[in-house]
Structures are given as C-alpha cells and as structure tokens.
Amino acid sequence: MDNETKIIGRCPVCGGNVVKTCKGYRCENNTGEDGKCGLFINGVIGNRKMSDDEIAKLLEKRSILLDGFATKEWKAFPTVLVMGDDGVISMESIVARCPRCGGEIRVGAKAFNCSNYRQEGNPCDFVIWRNIGGHLMTLDDVREICADGVTSREIEMYGENGAIYRRKLGLSPDKTKVIKV
Ligand SMILES: [Zn+2]
Ligand SMILES: [Zn+2]
C-alpha cells in the first residue's frame, strides 16, 4: 500500500520529485508511458540496502562515499556511488589524484591509498586514514587535501579524554601523509 508519498529529492533527468516505492525510488514522472522520465533507483545497490537519507544525498550531491557493499562472495568493500545526468549510478573507487606521485587515490576499508603503492622500484606510500582524530574523512576533505594541500575548513576532532578541538588537515612537507596544520 502506498498510503504516504515520501519525497526523497529531485530527479537529475527531468527535475521532478523522486519518491519512494516498495522496490526503490522513482521519479514521479516515471509513469511507464513513452517519452516520460524513466528514472528508477533500485533500493539495493551492490548487495547493500540504501537508506532514504543516502539516496537523498546522492540526488543532491551526485556522489556519496559509503561502506558495506559486498561482492558475490560477500566480501565487503567501500565505494563512491556517482549519479550521472542520465540518472545512471556507477561505482567509482578512484577519488582523487595522489599529491605525491600523480597516481590514483582509491578508497579502501581503512584508508585512502595511492594506486602506486606496489609499483616496482618507486612505490608510493601516500595514505590518508579514513578516521583521523575521530573524524570520518569525507570525499570533500580528501579531494581538498589532494588538490589544494589543505582542507578548506577546520575539522572537529577528539582528544583521548574526549575533548573537542578543531584544526585544518593538510599535507606534511614531504607529502607522504596528512598532518594537523
Ligand atoms: Zn524524472
Ligand atoms: Zn602516490
């Protein structure tokens, strides 16, 4: 029974409202008629159930970093879901360019790592931990550090006694890791 229409966000294809259905999320203009919008988002992506808030953020920001996807063998992995202008969702593990060697920075379970970490002769050990001082690093944080060398905003972190402090995060002078600046 569809007794309550919940609006999740705006359709990237036609600008209509995206509403929740029993199987996922669809554009209100997706009525099954020819020529109308065909947007439909499955409620389960990559063996992971999506929440309304996550779909709302994906529709608004067009990319969202999430954990808990799983392969067919049930190996869990994080990824970035990206929604194109056509409403098609893809998974992308590359989030930025390595500020040290120009390689690809990929999201892993514990850290954002450089794809050249195993390169013979000249491995790159650049790393940004997923959790720094109790703060879960966002896509924007990582992209700003890799592109600009420092976050644009101060980040709220926590000391061992739970005390809150705020600092920017940026590249160390040798560009091997992230430090509080
Ligand atoms: Zn639409
Ligand atoms: Zn690198």
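Just so you know, these numbers come straight off a predicted model, no measurement behind them.

**Thoughts on the pairing of strand β2 (residues 17–20)**
Sheet analysis places strand β1 (residues 7–10) next to β2, joined by three bridges and oriented antiparallel. Note on β2: the bridge partner recorded for arginine 10 is asparagine 17. Hairpin connection, β1 to β2: the antiparallel pair is bridged by six residues, and glycine 15 has positive phi, about 85 degrees. Where β2 hands over to strand β3 (residues 24–27), the hairpin turn is made up of three residues, counted between the paired strands.

**Some details on the coordination of the zinc ion (ligand 2)**
In this structure, Cys98 (SG), Cys101 (SG), Cys114 (SG) and Cys124 (SG) serve as the protein donors to the zinc ion (ligand 2), at separations of 2.2 to 2.3 Å. Sequence spacing of the donors to the zinc ion (ligand 2): C-x2-C-x12-C-x9-C. Within this pair, whereas cysteine 98 is found in the loop between β10 (94–97) and β11 (104–107), its partner cysteine 124 is found in the loop between β12 (111–114) and β13 (127–129), the two being separated by 26 residues in sequence. For the pair cysteine 98 and cysteine 124, a shared accessibility class is recorded, and that class is buried.

**Some details on the sheet that holds β2**
Read across the sheet, four strands follow the order β1-β2-β3-β4 without closing on themselves; strand pairing throughout is antiparallel. Each end of this open sheet is capped by a strand with a single partner; those strands are β1 and β4 (40–42). Strand-to-strand, the axes of this sheet are offset by a mean angle of 20 degrees, without reference to chain direction. Pairing between β3 and β4: three bridges, direction antiparallel. What sits directly across from tyrosine 25, in β4, is isoleucine 41. Across the sheet, helix α1 (residues 52–61) is in contact with β1, β2, β3 and β4; its angle to β1 comes to roughly 15 degrees.

**Section: the environment of cysteine 114**
Along the polypeptide, cysteine 114 turns up in strand β12. The class of cysteine 114 is buried, set by a relative accessible area of 1%. In this structure, the C-alpha to C-alpha distance between cysteine 114 and cysteine 124, residues ten residues apart in sequence, is 6.6 Å. In this view, cysteine 114 contacts Cys98, Cys101, Gly103, Glu104, Ile105, Cys124 and Phe126; residues no more than four positions away in its chain are not counted.

**Details of the domain arrangement of the protein chain**
Taken domain by domain, the protein chain consists of domain 1 (7–92) and domain 2 (96–180). Measuring from the centre of the C-alpha atoms in domain 1 to the corresponding centre in domain 2 gives 28 Å. At the interface, eight residues of domain 1 touch nine residues of domain 2. Taking both partners together, domain 1 and domain 2 bury about 570 Å²; carbon and sulfur atoms supply 59% of that area. Taken together, domain 1 and domain 2 are joined by two salt bridges. For the salt bridge of aspartate 140 with lysine 61, the shortest nitrogen-to-oxygen distance reads 3.2 Å. Taken together, the links from domain 1 to domain 2 amount to two residue pairs in polar contact (both at pLDDT 80 or more). It is strand β7 (residues 63–70) that provides the largest number of residues to the side of domain 1 that touches domain 2, a total of four residues.

Calculation notes
- Residues numbered from 1 in each chain as written.
- Chains lettered and ligands numbered in written order.
- Predicted model: local features only at pLDDT ≥ 70, side-chain atom pairs only at ≥ 80, totals over all residues.
- Heavy atoms only, no water.
- Pairing = 2+ DSSP bridges.
- Helix = DSSP H or I, 4+ residues; strand = E, 2+ residues; numbered from the N terminus.
- Donors = N, O, S within 2.8 Å, 3.2 Å for Na, K, Ca; no water.
- Buried < 20%, exposed > 50% of the residue type's maximum accessible area, 1.4 Å probe, protein only.
- Axes fitted to C-alpha atoms, helices over the stretch in contact; angles between N-to-C directions.
- Contact = heavy atoms within 4.5 Å.
- Domains from an automatic or database assignment.
- Buried area = accessible area lost by both parts, 1.4 Å probe.
- Salt bridge = Lys/Arg side-chain N within 4 Å of Asp/Glu carboxyl O.
- Polar contact = N/O pair within 3.5 Å; in protein donor to acceptor, adjacent residues only side chain to side chain.

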